[in-house]
Amino acid sequence: MADTDHVHGEMDVSDHNSTWSMFMTMTTWGSLIIILAVGYATFTLTMGVNWVVALGGFALLGIVAGALMNMGGAWIATVIGLAVLAVFIQILIMLGQALM
């Protein structure tokens, strides 16, 4: 038989806890980003809502959701950065349509 030097409850699980914490953080962030992106696309493409109104609404929703879930300032900066990126992409789309 194998030596049983293991004592129940004595294992250092700090690495396990930090891995689980990071996994849950990334899952939360990814899920909220997907919800915001799909919601924005749904409102603009299928419901005919103006893209500026939909973008502002979903950016506000993202900030409020992040505040309620205590996601911190990095989440707010991410939402604002994604909104700025969306405006830039929309400007490129409008320029491309003007050239056609």
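Remember, it's a predicted structure, so these values are computed and weren't measured experimentally.

1. Regarding the overall build of the protein
Counting its regular elements, the protein contains 3 helices and 0 strands. When its helices and strands are written in sequence order, the protein yields α-α-α. Computed over its C-alpha atoms, the radius of gyration of the protein comes to 22 Å, more than 25% above the 13 Å expected for a compact globule of 100 residues. Across the 100 residues in the protein, those meeting the buried criterion constitute 19%. Taking all contacts inside the protein whose residues are at least 6 apart in sequence as the whole, residues at least 24 apart take part in 56%. For the protein, the exposed area adds up to about 7,600 Å²; of that, 72% sits on carbon and sulfur atoms.

2. A short note on the packing of aromatic side chains
Within this structure, the stated rule accounts for 3 aromatic pairs. Summarising the aromatic geometry, the rings of Trp29 and Trp75 are spaced 5.2 Å apart at their centres and angled 85° between planes, so their arrangement reads as edge-to-face. One end of the pair, Trp29, is in helix α1 (residues 14–46); the other, Trp75, is in helix α3 (residues 73–99), and 46 residues separate them in sequence. Residue classification places Trp75 among the buried positions, given a relative accessible area of 0%. Taken together, a centroid distance of 5.1 Å and an interplanar angle of 85° make the contact between Phe43 and Phe58 edge-to-face. Of the two residues, Phe43 sits in helix α1 while Phe58 sits in helix α2 (residues 51–68), which places them 15 residues apart along the sequence. Owing to a relative accessible area of 33%, Phe43 belongs among the partly exposed residues under this scheme.

3. Digging into a nonpolar patch on the surface
On the surface, Ile33, Leu82, Leu85, Val87, Phe88, Ile89, Ile91, Leu92, Ile93, Met94 and Leu95 cluster together into a nonpolar patch covering about 920 Å² of accessible area. Top contributing element to the nonpolar patch by residue count: α3, with 10 residues. Residue placement: Ile89 occurs in helix α3.

4. Digging into the packing of α1 against α2
In contact at an axis separation of 9 Å, α1 and α2 are set at 160° when each is read in the N-to-C sense. By the angle between their directions, the pair α1 and α2 is classed as roughly antiparallel. Considering only the axes of α1 and α2, their crossing is right-handed. On the side of α1, the interface is formed by Leu32, Leu36, Gly39, Tyr40, Phe43 and Thr44, while α2 contributes Trp51, Ala54, Leu55, Phe58, Leu61, Gly62 and Ala65. Across the contact of α1 with α2, the residue classes tally to 10 nonpolar, 3 polar and no charged.

5. Quick notes on the nonpolar core
Core analysis: the largest hydrophobic core is formed by 14 residues, its most contacted members being Leu32, Tyr40, Leu55 and Trp75. Taken together, the elements giving at least two residues each to this core come down to α1, α2 and α3. Broken down by element, this core gets its largest block of residues, 6 residues, from α2. What Tyr40 contacts, discounting residues up to four positions off in sequence, is Trp51, Ala54, Leu55, Phe58 and Gln90.

Analysis parameters
- Position numbers for residues count from 1 along each chain, tracking the sequence in the order it is written.
- Under the rules for a predicted model, residues below a pLDDT of 70 receive no local features and side-chain atom pairs below 80 are neither given nor counted, while totals for whole chains, interfaces and linings still include all residues.
- To obtain the side-chain values, all non-hydrogen atoms of the structure were used and water was disregarded.
- Note on conventions: DSSP H or I runs of at least 4 residues are helices, E runs of at least 2 residues are strands, and numbering of each starts at the N terminus.
- What the globule rule says is 2.2 Å times the number of residues to the power 0.38, and the radius of gyration is computed from C-alpha atoms.
- Type-normalised accessible area, obtained with a 1.4 Å probe on protein chains alone, sets the label of each residue: buried when under 20%, exposed when over 50%, and partly exposed for intermediate values.
- By definition in these notes, contact holds between two residues if any of their heavy atoms fall within 4.5 Å.
- The Shrake-Rupley method, run with a 1.4 Å probe, gives the accessible areas here. Residue values count only the displayed protein chains as cover.
- Two rings from Phe, Tyr or Trp (for Trp, the six-membered ring) form a pair when their centres are within 6.5 Å of each other. A pair whose planes differ by under 30 degrees is stacked, one over 60 is edge-to-face, and the rest are tilted.
- The patch calculation keeps residues exceeding 30% relative accessible area without a salt bridge and links them within 9 Å when they carry like charges or within 5 Å when they are nonpolar (Val, Leu, Ile, Met, Phe, Trp, Tyr).
- The working definition used for a salt bridge is a side-chain nitrogen of Lys or Arg within 4 Å of a carboxyl oxygen of Asp or Glu.
- Fitted lines through C-alpha atoms serve as axes, helices being fitted only where they are in contact, and the angles separating the N-to-C directions of these axes extend from 0 to 180 degrees.
- Angular relationships are summarised with four words: roughly parallel below 35 degrees, roughly antiparallel beyond 145, roughly perpendicular across 65 to 115, and oblique for the angles in between.
- What makes a crossing left-handed is the near helix being turned counterclockwise from the far one by less than a right angle; a clockwise turn instead makes it right-handed.
- Note on residue categories: nonpolar means Ala, Val, Leu, Ile, Met, Phe, Trp, Tyr, Cys or Pro, charged means Asp, Glu, Lys or Arg, and polar means any other residue, Gly included.
- For this analysis, a nonpolar core means a set of buried residues of the types Ala, Val, Leu, Ile, Met, Phe, Trp, Tyr and Cys, connected via side-chain atoms within 4.5 Å.

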